[in-house]
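Structure assessment
So the chains spell out like this:
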Amino acid sequence: MSIVLAATAGLLFAVGTYLVLQRKLSRVIIGLGLLTHGANVLMITAGRRGRSPLVGTGPVGEIADPLPQALALTAIVISFGVTALLLAL
(Lines give C-alpha, C1' and ligand atoms only; values in the text may rest on other atoms or scores of the structure.)
Protein backbone atom coordinates (compact mmCIF):
# COMPACT_ATOMS: atom_id res chain seq x y z
CA MET A 1 0.00 0.00 0.00
CA SER A 2 2.87 2.33 0.77
CA ILE A 3 4.32 1.83 -2.73
CA VAL A 4 1.01 2.88 -4.29
CA LEU A 5 0.88 6.03 -2.15
CA ALA A 6 4.51 6.87 -2.96
CA ALA A 7 3.80 6.43 -6.68
CA THR A 8 0.71 8.62 -6.35
CA ALA A 9 2.75 11.34 -4.64
CA GLY A 10 5.35 11.13 -7.41
CA LEU A 11 2.68 11.39 -10.09
CA LEU A 12 1.11 14.40 -8.37
CA PHE A 13 4.53 16.08 -8.15
CA ALA A 14 5.24 15.38 -11.83
CA VAL A 15 1.91 16.68 -13.13
CA GLY A 16 2.00 19.65 -10.74
CA THR A 17 5.50 20.61 -11.88
CA TYR A 18 4.44 20.37 -15.52
CA LEU A 19 1.43 22.61 -14.91
CA VAL A 20 3.39 25.19 -12.90
CA LEU A 21 5.73 25.63 -15.86
CA GLN A 22 2.83 26.64 -18.15
CA ARG A 23 2.07 30.26 -18.98
CA LYS A 24 -1.62 30.45 -18.06
CA LEU A 25 -2.44 31.46 -14.49
CA SER A 26 -5.24 28.90 -14.18
CA ARG A 27 -2.80 26.06 -14.94
CA VAL A 28 -0.30 27.47 -12.46
CA ILE A 29 -2.98 27.51 -9.76
CA ILE A 30 -4.00 23.92 -10.52
CA GLY A 31 -0.33 22.90 -10.59
CA LEU A 32 0.32 24.40 -7.17
CA GLY A 33 -2.74 22.59 -5.85
CA LEU A 34 -1.42 19.30 -7.20
CA LEU A 35 2.02 19.94 -5.71
CA THR A 36 0.54 20.56 -2.28
CA HIS A 37 -1.64 17.46 -2.55
CA GLY A 38 1.47 15.46 -3.44
CA ALA A 39 3.28 16.84 -0.40
CA ASN A 40 0.33 15.96 1.83
CA VAL A 41 0.16 12.40 0.49
CA LEU A 42 3.90 12.02 1.03
CA MET A 43 3.71 13.29 4.63
CA ILE A 44 0.77 11.06 5.49
CA THR A 45 2.57 8.08 3.91
CA ALA A 46 5.69 8.81 5.96
CA GLY A 47 3.78 8.89 9.25
CA ARG A 48 1.60 5.84 8.65
CA ARG A 49 3.30 3.27 10.86
CA GLY A 50 1.41 1.88 13.82
CA ARG A 51 -2.00 2.45 15.30
CA SER A 52 -3.84 5.73 15.20
CA PRO A 53 -2.53 8.29 17.74
CA LEU A 54 -5.45 8.28 20.16
CA VAL A 55 -4.80 8.55 23.89
CA GLY A 56 -5.41 5.35 25.80
CA THR A 57 -5.87 2.95 22.88
CA GLY A 58 -2.69 0.89 23.20
CA PRO A 59 0.96 0.71 24.18
CA VAL A 60 3.03 3.81 23.53
CA GLY A 61 5.50 1.98 21.27
CA GLU A 62 2.79 0.96 18.77
CA ILE A 63 1.18 4.38 18.33
CA ALA A 64 1.96 6.26 15.10
CA ASP A 65 3.70 9.61 15.18
CA PRO A 66 1.08 12.41 15.06
CA LEU A 67 3.56 15.03 13.79
CA PRO A 68 3.19 14.23 10.04
CA GLN A 69 -0.58 14.44 10.42
CA ALA A 70 -0.30 17.86 12.08
CA LEU A 71 2.10 19.03 9.37
CA ALA A 72 -0.31 17.84 6.67
CA LEU A 73 -3.17 19.79 8.26
CA THR A 74 -0.97 22.88 8.43
CA ALA A 75 0.02 22.42 4.78
CA ILE A 76 -3.66 22.17 3.79
CA VAL A 77 -4.43 25.48 5.49
CA ILE A 78 -1.41 27.20 3.93
CA SER A 79 -2.23 25.88 0.45
CA PHE A 80 -5.81 27.13 0.85
CA GLY A 81 -4.47 30.60 1.66
CA VAL A 82 -2.06 30.56 -1.29
CA THR A 83 -4.83 29.40 -3.64
CA ALA A 84 -7.13 32.17 -2.41
CA LEU A 85 -4.37 34.72 -2.97
CA LEU A 86 -3.68 33.49 -6.50
CA LEU A 87 -7.38 33.49 -7.34
CA ALA A 88 -7.64 37.07 -6.10
CA LEU A 89 -4.87 38.09 -8.50
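For the structure itself, look to the data block above.
In short, a report on the structure. For every chain, the first residue of the written sequence is number 1, and numbering continues from 1 onward in sequence order. Reporting of local features is limited, given that this is a predicted model, to residues whose pLDDT is at least 70; pairs of side-chain atoms are given and counted only at 80 or more, and all residues count toward the totals for whole chains, interfaces and linings. Calculation of side-chain values draws on the structure's entire complement of heavy atoms; hydrogens and water are dropped beforehand.

**With respect to the overall build of the chain**
Secondary structure elements follow DSSP: runs of H or I of four or more residues count as helices, runs of E of two or more count as strands, with numbering from the N terminus. When its secondary structure is counted, the chain shows 3 helices and 0 strands. Ordering the α and β elements of the chain from the N terminus gives α-α-α. When burial is assessed residue by residue, the chain has 19% of its 89 residues classed as buried. Every residue pair with non-hydrogen atoms within 4.5 Å of one another is taken to be in contact. Restricting the contact set of the chain to residue pairs at least 6 apart, pairs at least 24 apart contribute 44%. Exposure categories follow from relative accessible area, calculated using a 1.4 Å probe and restricted to protein chains: below 20% of the type maximum is buried, above 50% is exposed, and the middle band is partly exposed.

**Points about the environment of Gln22**
Secondary-structure assignment places Gln22 in the loop between α1 (2-20) and α2 (25-46). Of the residues examined, Gln22 reaches a relative accessible area of 23% and is grouped as partly exposed. Ignoring anything within four residues of it in the chain, the contact list for Gln22 reads Arg27 and Val28. Pairs of N or O atoms within 3.5 Å make up the polar contacts considered here, provided that, within protein, one atom can donate a hydrogen while the other can accept it, and that residues adjacent in sequence are counted only when both atoms are side-chain atoms. Of the polar contacts made by the side chain of Gln22, one reaches the backbone oxygen of Tyr18; its length is 3.3 Å.

**A closer look at the packing of α2 against helix α3 (residues 67-88)**
In this description, a line fitted to the C-alpha atoms serves as the axis of each element, helices being fitted only across the stretch in contact, and the angle between N-to-C directions of two axes falls anywhere from 0 to 180 degrees. Orientation of α2 relative to α3, taken along the N-to-C sense of each, is 175 degrees, at an axis distance of 9 Å. Compared by their axis directions, α2 and α3 come out roughly antiparallel. Residues Leu25, Ile29, Leu32, Thr36, Asn40, Met43 and Ile44 of α2 pack against Pro68, Gln69, Leu71, Ala72, Ala75, Ile76, Ser79, Thr83, Leu86 and Leu87 of α3. Under the grouping applied here, Gly and all other residues not named as nonpolar or charged are polar, the nonpolar ones being Ala, Val, Leu, Ile, Met, Phe, Trp, Tyr, Cys and Pro and the charged ones Asp, Glu, Lys and Arg. Its residues assigned to classes, the contact of α2 with α3 comprises 12 nonpolar, 5 polar and no charged. With respect to orientation, any angle under 35 degrees is reported as roughly parallel, any angle over 145 as roughly antiparallel, any angle of 65 to 115 as roughly perpendicular, and every other angle as oblique.

**A look at α2**
A helix's residues, less one, multiplied by 1.5 Å, set its expected span. Its 22 residues place the ends of α2 32 Å apart at the C-alpha level, agreeing with the 32 Å of an ideal helix rising 1.5 Å per residue. Among the residues making up α2, those that are buried are Val28, Ile29, Gly31, Gly33, Gly38, Asn40 and Thr45. Contacts from the buried residues of α2 go to α1 and α3.

Read these as geometric descriptors, not functional statements.
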